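One letter stands for each residue in the lines below.
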Amino acid sequence: MFVNAIETVAAFTRAIHSIHRNYGSEAVNPGSATLFFVNADGWALTCGHVANLFRAGEQLHAKYKQFKAELAVTHEGKADGEWRKELEGKYEYSENVPVELHSMFVNCVQGRLNLEVRIDSDHDIALIKFSDFDRLRCDRFPVFPKDTSGLKQGKTLCRLGFPFPEFTNFAYDQENDSIVWTETGRSRFPIEGMLTRHLADKSGAVPGFEMSTPGLRGQSGGPVFDTQGKVWGMQSRTRHLDLNFDVDELVNRDGVQKRVQDSAFLHVGLCVHVNALKSFMRKNGVHFDED
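Let me sum up the structure you'll find in this document.

Rules and cut-offs
- Residues numbered from 1 in each chain as written.
- Predicted model: local features only at pLDDT ≥ 70, side-chain atom pairs only at ≥ 80, totals over all residues.
- Heavy atoms only, no water.
- Helix = DSSP H or I, 4+ residues; strand = E, 2+ residues; numbered from the N terminus.
- Buried < 20%, exposed > 50% of the residue type's maximum accessible area, 1.4 Å probe, protein only.
- Contact = heavy atoms within 4.5 Å.
- Areas by Shrake-Rupley, 256 points an atom, 1.4 Å probe, with all protein chains shown as cover.
- Lys, Arg positive; Asp, Glu negative; His and termini not counted.
- Charge placed at Lys NZ, Arg CZ, Asp CG, Glu CD.
- Pairing = 2+ DSSP bridges.
- Salt bridge = Lys/Arg side-chain N within 4 Å of Asp/Glu carboxyl O.
- Phe/Tyr/Trp six-rings, centres within 6.5 Å; stacked < 30°, edge-to-face > 60°.
- Lys NZ or Arg CZ within 6 Å of the ring centre and 35° of its normal.
- Core = buried A, V, L, I, M, F, W, Y, C linked by side-chain atoms within 4.5 Å.
- Axes fitted to C-alpha atoms, helices over the stretch in contact; angles between N-to-C directions.

Thoughts on the overall build of the protein
When helices and strands are counted, the protein shows 4 helices and 18 strands. Principal axes of the C-alpha set define a box for the protein whose edges measure 75 × 65 × 40 Å. Taken across its 291 residues, the protein has 44% of its residues classed as buried. Across the protein, contacts joining residues at least 24 apart in sequence account for 72% of those joining residues at least 6 apart. Accessible area of the protein: about 15,700 Å², with a carbon and sulfur share of 47%. Averaged over its 34 positive side-chain charges, the protein has a centre that lies 6 Å from the centre of its 39 negative ones.

Next up, the structure:
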């Protein structure tokens, strides 16, 4: 059903890879998210909570750089361990506290990476402007519906993104006590679902809708589209609805009794409505195509 549409949408959908590390650890933890370009000027859409990670990464880097600079300063009358412990208290560093977070935009631009980010936190939308690049690695762009009255309960849509961060293009640089990128890779993943409910805000407007299947981790910021490849929204987050089907049963497994305890939830995807996307783009003077 979505074979051709996925090929169409994949042409303007890109992965965001991220890696982070906690204090005192050499383990590198991968993550992923999604964006999609909307025009040849270098404008792209993703989620507000995804874009906030870019800023968080810059803040973490600056803080950890300052910590290491102070750690290297001569500290008369104090042992190295005592000085480190004092600074750990000052910077609130302990196990499981992140010190590094880096993001990579896969197959987006060739040349210099210069970003401008504009965020609508109320609707979880972010516009990213790539500029000063040599070449935009995208030459096909989405079409949004001009008439959105067809976005009703029962409409079947598909999402495309980059969950399951199986990329391995990263490493821990022990000499510099830092995590670094090595080479690139990507793996897109579609998932379809039915529109179940519209989501209203406090003013009574409808900035989003719910789908019968979950948006997967890594698909945040990815387009939601129909069988023609027309974009009707953007994956934002997942909600877990309690079904009140608690199970505590003894079952037989290969002749052996086993106790099964389970609480069932329905995982549904929450998406940003196309009208909210178009409104934010118009507010920021961003050109986009409508059918």
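Focus: the pairing of strand S17 (residues 256–273)
Bridge analysis of strand S14 (residues 208–211) against S17 gives 4 bridges, and the strand direction is antiparallel. Counterpart to Gly208 in the pairing with S17 is Val272. Strand direction decides the pairing type here: strand S16 (residues 231–253) and S17, joined by 17 bridges, are antiparallel. Opposite Asp246, over in S17, you have Ser263 as the bridge partner.

A few points about unusual backbone geometry
What is expected of a backbone is that most residues other than glycine have negative phi and most peptide bonds are trans. Its identity is not glycine, yet Asp132 carries a phi of approximately 60 degrees, on the positive side. For Asp132, a relative accessible area of 46% corresponds to the partly exposed category. At Asp254, a residue that is not glycine, the phi angle is positive and equals roughly 55 degrees. As for its placement among the helices and strands, Asp254 is situated in the loop between S16 and S17.

With respect to the pattern of salt bridges
If you walk through the whole model with that rule in mind, you get 12 salt bridges. One salt bridge connects Glu86 with Lys78, and the closest N-O pair in it is separated by 2.5 Å. Judged by relative accessible area, Lys78 falls into the partly exposed class, the value being 30%. Note that Arg197 and Glu210 form a salt bridge whose closest N and O atoms lie 2.7 Å from each other.

Quick word on the packing of aromatic side chains
Under the counting rule described, the total for this entry stands at 13 aromatic pairs. Their ring planes at 50 degrees and their centres at 6.4 Å tell us that Phe12 and Phe36 sit as a pair that is tilted. Taken as a pair, Phe12 in the loop between helix H1 (3–10) and strand S1 (13–22) and Phe36 in strand S2 (residues 29–37) lie far apart in primary sequence, 24 residues in all. No difference in accessibility class separates Phe12 from Phe36, as the two residues are buried. Through pairs of rings, three or more aromatic residues link up here, namely Tyr23, Tyr64, Phe67, Tyr91 and Tyr93. Sitting over the ring of Trp232, Lys155 keeps its end group 4.6 Å from the ring centre.

Description of the nonpolar core
Judged by nonpolar contacts, the single largest core of 43 residues is most densely connected at Leu35, Leu45, Phe130 and Phe144. Elements with a contribution of two residues or more to this core: H1, S2, strand S3 (43–46), helix H2 (48–72), strand S7 (125–131), strand S10 (156–161), S16 and helix H4 (274–283). In this view, Leu45 contacts Leu35, Phe36, Val38, Ile125, Ala126, Leu127, Phe144, Gly221, Met234, Leu277 and Met281; residues no more than four positions away in its chain are not counted. Among the nonpolar cores identified, the runner-up in size contains 9 residues, and Tyr23, Tyr64, Leu71 and Leu87 belong to it.

As for the sheet that holds S17
By way of backbone hydrogen bonds, the strands of a sheet pair with one another, either parallel or antiparallel. With antiparallel pairing, 6 strands are arranged side by side around a closed barrel as S10-S13-S14-S17-S16-S15. Ignoring which end each strand starts from, the neighbouring axes of this sheet average 45 degrees apart. Each of S10, strand S13 (189–199) and strand S15 (223–225) touches H1; the most contacted strand, S15, lies at about 150 degrees to it.

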